[in-house]
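Observations on chain architecture
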Amino acid sequence: MNQQLLTMVNGKRERRVKISITLLRIFIGWHFLYEGVVKLYNPDWTSFGYLASAQGPLKPLFALLTQETFLDWVDALNITALIVVGFTLILGIFERKGALVGIGLLSLYYLAHPSFPGLHQINVEGNYWFVNKNLIELVACILIYNFPTSQFFGLGYFMKGKLTKIENYEMD
């Protein structure tokens, strides 16, 4: 009897965790998608200002990307990656790949403007010390990568045994 109760309690706890991670996945997906769409439909948007004001250890790389020969590509790739990550996380299909791309983007965003002590924070909403929004969202994407929920809620649920097997095989 105690074993059945324990199994039931663990099942409920596991379901709550899946729901929580699924909500996190969808909200982060929305954030990525929204950022990409806003940039796509704003003809004046460019990553130039963000890259030109970069600080930290990769400042020379980000300064290189502000050159006219690279900037259009950087802008297009950034918008595309944001939208793709958004769709994969919201829809729950290829979410691990989307999470990896999100981790890469957020790593670059963090390294462009790290919240290291002694660096003057430019264009930020608060006062950070090592940990900022980009780093928090990056860790959340790591969680999503390690605990995918698309087979629980998302297109992966409807494609059990098809695309999700391909995704899991490629990522392991």
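A brief structural summary. (Residues numbered from 1 in each chain as written. Predicted model: local features only at pLDDT ≥ 70, side-chain atom pairs only at ≥ 80, totals over all residues. Heavy atoms only, no water.)

1. Regarding the overall build of the chain
The secondary structure content of the chain amounts to 8 helices and 0 strands. Along its sequence from the N terminus, the chain presents helices and strands in the succession α-α-α-α-α-α-α-α. Across the 172 residues that make up the chain, the buried fraction comes to 34%. The contacts of the chain with a sequence gap of at least 6 include a subset with a gap of at least 24, amounting to 74%. Per element, the accessible surface of the chain, about 11,000 Å² overall, is 68% carbon and sulfur. (Helix = DSSP H or I, 4+ residues; strand = E, 2+ residues; numbered from the N terminus. Buried < 20%, exposed > 50% of the residue type's maximum accessible area, 1.4 Å probe, protein only. Contact = heavy atoms within 4.5 Å. Areas by Shrake-Rupley, 256 points an atom, 1.4 Å probe, with all protein chains shown as cover.)

2. Thoughts on the nonpolar core
Counting 16 residues, the largest nonpolar core has Ile28, Phe32, Leu105, Leu106 and Cys141 as the members making the most contacts within it. Filtering out sequence-adjacent residues up to four positions away, Phe32 remains in contact with Leu82, Ile83, Val85, Gly86, Gly102, Leu105, Leu106, Glu137 and Cys141. Ranked by size, the runner-up nonpolar core spans 5 residues in total, among them Leu51, Ala54, Leu71 and Ala112. (Core = buried A, V, L, I, M, F, W, Y, C linked by side-chain atoms within 4.5 Å.)

3. Here we look at the packing of aromatic side chains
One pass over the structure, following the stated rule, counts 3 aromatic pairs. Centroid distance Trp30 to Tyr34: 6.3 Å. Interplanar angle 25°. Geometry classified as stacked. Residue Trp30 and its partner Tyr34 are located together in helix α1 (residues 2-40), separated by 4 residues, close to a single helical turn. Since its relative accessible area comes to 46%, Tyr34 is described here as partly exposed. Residue placement shows Arg96 over the ring face of Tyr145; its charged tip is 4.1 Å from the ring centre. (Phe/Tyr/Trp six-rings, centres within 6.5 Å; stacked < 30°, edge-to-face > 60°. Lys NZ or Arg CZ within 6 Å of the ring centre and 35° of its normal.)

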